[in-house]
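The residues making up each chain are set out below.
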Amino acid sequence: MAELHEAILLSYRKSLKRKGFREYKSPMPTYRPDIFAKRRTIGGKVKEEVVVEAEIESTLFNNHTAEQLVLMDQYLRHQKSKKIKCSGILLVPNSKAARVMANLLLSSTFPRESLIKLYFANGK
């Protein structure tokens, strides 16, 4: 299971690098995402941030996962209030079961509005 988790993270890291993002240490003391990346301007200002949490099917409905998503959502809302473009991503394997479970998790955790987007990656 850990191999699948690492495989989907690796594939997404490559796509972030192609888009000009660079990984940084997470600024959140209570939450360490799987990937925290920024894209900066030539002057060094933050242009865009990406916070990624990767989960496999067997860990989607753990309490730990729900807590991580709530902390991610709080961070995204904080950055939005500071007018910093920030994307939150829940990364899951590209399977029908994972898609359904991830959609259920996001809709039950955030019934009104979720700033977290759902992405699917192949774990080959």
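Quick note: structure is the one above.
Because the structure is predicted, anything quoted here is derived from the model rather than measured.

(A) Representation of the packing of aromatic side chains in the model. All chains considered together, the criterion is met by two aromatic pairs. In this structure, Lys38 is placed above the aromatic ring of Tyr24, and the distance from its NZ or CZ to the ring centre is 5.2 Å. One cation-aromatic arrangement involves Arg99 over Phe120; the distance from NZ or CZ to the ring centre is 4.1 Å.

(B) Seen up close, a nonpolar patch on the surface. A surface patch of nonpolar side chains, amounting to about 290 Å² of accessible area, comprises Phe61, Val100 and Leu104. On the secondary structure map, Val100 appears in helix H3 (residues 96–109).

(C) Local environment of the environment of Leu71. Relative to the helices and strands, Leu71 is located in helix H2 (residues 63–81). Look at Leu71 and you get partly exposed, because its relative accessible area is 26%. Taking C-alpha positions, Leu71 is 24 Å from Leu4, a pair spaced 67 residues apart along the chain. Leaving out residues up to four positions away in the same chain, Leu71 has contacts with Thr30 and Tyr31.

(D) Spatial organisation of the nonpolar core. Val51, Leu69, Leu90, Val92, Leu106 and Ile116 are the most contacted members of the largest nonpolar core, which has 20 residues in total. Ignoring any residue separated from it by four or fewer positions in sequence, one finds Leu69 in contact with Leu90, Leu105, Leu106, Phe110 and Ile116.

(E) Structural detail: the pattern of salt bridges. Enumeration over the complete set of coordinates arrives at four salt bridges. Three or more residues are tied together by salt bridges with common partners; here these are Asp73, Arg77 and Glu113.

(F) Main features of the pairing of strand S3 (residues 46–54). When you tally the buried positions in S3, you get seven out of nine residues, the bulk of the element. Relative to S3, strand S2 (residues 35–40) is paired through six bridges, and the arrangement is antiparallel. Directly across from Arg39, in S3, lies its bridge partner Glu48. The hairpin turn running from S2 into S3, its antiparallel successor, is five residues long, and Gly44 in that turn takes a positive phi close to 100°. Where S3 meets strand S4 (residues 86–93), six bridges bridge the pair, whose relative direction is parallel. When the bridges of S4 are listed, Val51 appears paired with Gly88. Viewed along the sheet, the connection from S3 through H2 into S4 turns out right-handed.

(G) Structural context of the side chain of Glu48. Structurally, the position occupied by Glu48 is in strand S3. Among the polar contacts made by the side chain of Glu48, one reaches the side chain of Arg39 at a distance of 2.4 Å. Residues within four places of Glu48 in sequence aside, it is in contact with Phe21, Ala37, Lys38, Arg39, Lys85 and Ser87.

Reading guide: rules and limits
Residues numbered from 1 in each chain as written. Predicted model: local features only at pLDDT ≥ 70, side-chain atom pairs only at ≥ 80, totals over all residues. Heavy atoms only, no water. Phe/Tyr/Trp six-rings, centres within 6.5 Å; stacked < 30°, edge-to-face > 60°. Lys NZ or Arg CZ within 6 Å of the ring centre and 35° of its normal. Patch = residues over 30% accessible without salt bridge, like charges linked within 9 Å, V, L, I, M, F, W, Y side chains within 5 Å. Areas by Shrake-Rupley, 256 points an atom, 1.4 Å probe, with all protein chains shown as cover. Salt bridge = Lys/Arg side-chain N within 4 Å of Asp/Glu carboxyl O. Helix = DSSP H or I, 4+ residues; strand = E, 2+ residues; numbered from the N terminus. Buried < 20%, exposed > 50% of the residue type's maximum accessible area, 1.4 Å probe, protein only. Contact = heavy atoms within 4.5 Å. Core = buried A, V, L, I, M, F, W, Y, C linked by side-chain atoms within 4.5 Å. Pairing = 2+ DSSP bridges. Right-handed = clockwise from strand over helix to strand, strands pointing away. Polar contact = N/O pair within 3.5 Å; in protein donor to acceptor, adjacent residues only side chain to side chain.

Note that every value here comes from positions in space, so none of it alone points to a role or purpose.
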